[in-house]
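# Coordinate analysis (summary)
So you can see what is in the structure, the chains are spelled out below.
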Amino acid sequence: MVRMDVRVSHVTLQEMTSRWGSCRAATGRLTFNTRLGMLEERLIEETVVHELCHFFHQNHSAAFYAQMTRWLPDWKARKAQRDKADMRPRPPMAG
Ligand SMILES: [Zn+2]
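The shown structure was predicted, so the numbers you read here are calculated from the model rather than taken from an experiment. (Residues numbered from 1 in each chain as written. Predicted model: local features only at pLDDT ≥ 70, side-chain atom pairs only at ≥ 80, totals over all residues. Heavy atoms only, no water.)

As a further point, take the coordination of the zinc ion. Binding of the zinc ion to the protein goes through His50 (NE2), His54 (NE2) and His60 (NE2), at separations of 2.0 Å. The buried category is assigned to histidine 50, whose relative accessible area is 10%. Accessibility expressed as a relative area gives 47% for histidine 60, which makes it partly exposed. (Donors = N, O, S within 2.8 Å, 3.2 Å for Na, K, Ca; no water. Buried < 20%, exposed > 50% of the residue type's maximum accessible area, 1.4 Å probe, protein only.)

In structure tokens form, the structure reads like this:
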């Protein structure tokens, strides 16, 4: 098991239309799309690791992806699967 030495201050779940998550490294705030809960655990894990990597790299540079690979060697396959999932909030049920 790999341990990440990061300090998370807040984790927020909210409806998002264009992202699965976001990270504010300066404040330690992580935000995740509520729809993430509908995905397989391995896809949730990839999203969480992605956002945690932003504590070290506030971009999607080669160094960022190298770190992703170190922590989650099969992240690409997981991301490809996650990218196919619908992230938009569901409309309220009629009636
Ligand atoms: Zn990112």
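Back to the text.
The next point concerns the side chain of glutamate 46. Mapped onto the fold, glutamate 46 is located in helix α1 (residues 41-53). If we ignore the near neighbours within four places in the chain, the residues touching glutamate 46 are Met68, Leu72, Trp75, Arg78, Lys79 and Arg82. (Helix = DSSP H or I, 4+ residues; strand = E, 2+ residues; numbered from the N terminus. Contact = heavy atoms within 4.5 Å.)

What follows is about the packing of aromatic side chains. One pass over the structure, following the stated rule, counts three aromatic pairs. Seen from their ring centres, phenylalanine 64 and tyrosine 65 are 5.0 Å apart, and the 85° between their planes marks the pair as edge-to-face. We classify phenylalanine 64 as buried; its relative accessible area is 0%. An aromatic cluster of three or more residues is present, and its members are Phe64, Tyr65 and Trp75. When the ring centre of tryptophan 71 is taken as reference, the NZ or CZ atom of arginine 70 above it lies at 5.5 Å. (Phe/Tyr/Trp six-rings, centres within 6.5 Å; stacked < 30°, edge-to-face > 60°. Lys NZ or Arg CZ within 6 Å of the ring centre and 35° of its normal.)

Moving on, we come to the nonpolar core. Leu30, Val49, Cys53 and Met68 are the most contacted members of the largest nonpolar core, which has 18 residues in total. Among the elements that make up this core, the one with the highest residue count is α1 (four residues). Excluding residues that lie within four positions of it along the chain, leucine 30 makes contacts with Val8, His10, Val11, Thr12, Ser22, Cys23, Glu51, Leu52 and Phe55. (Core = buried A, V, L, I, M, F, W, Y, C linked by side-chain atoms within 4.5 Å.)

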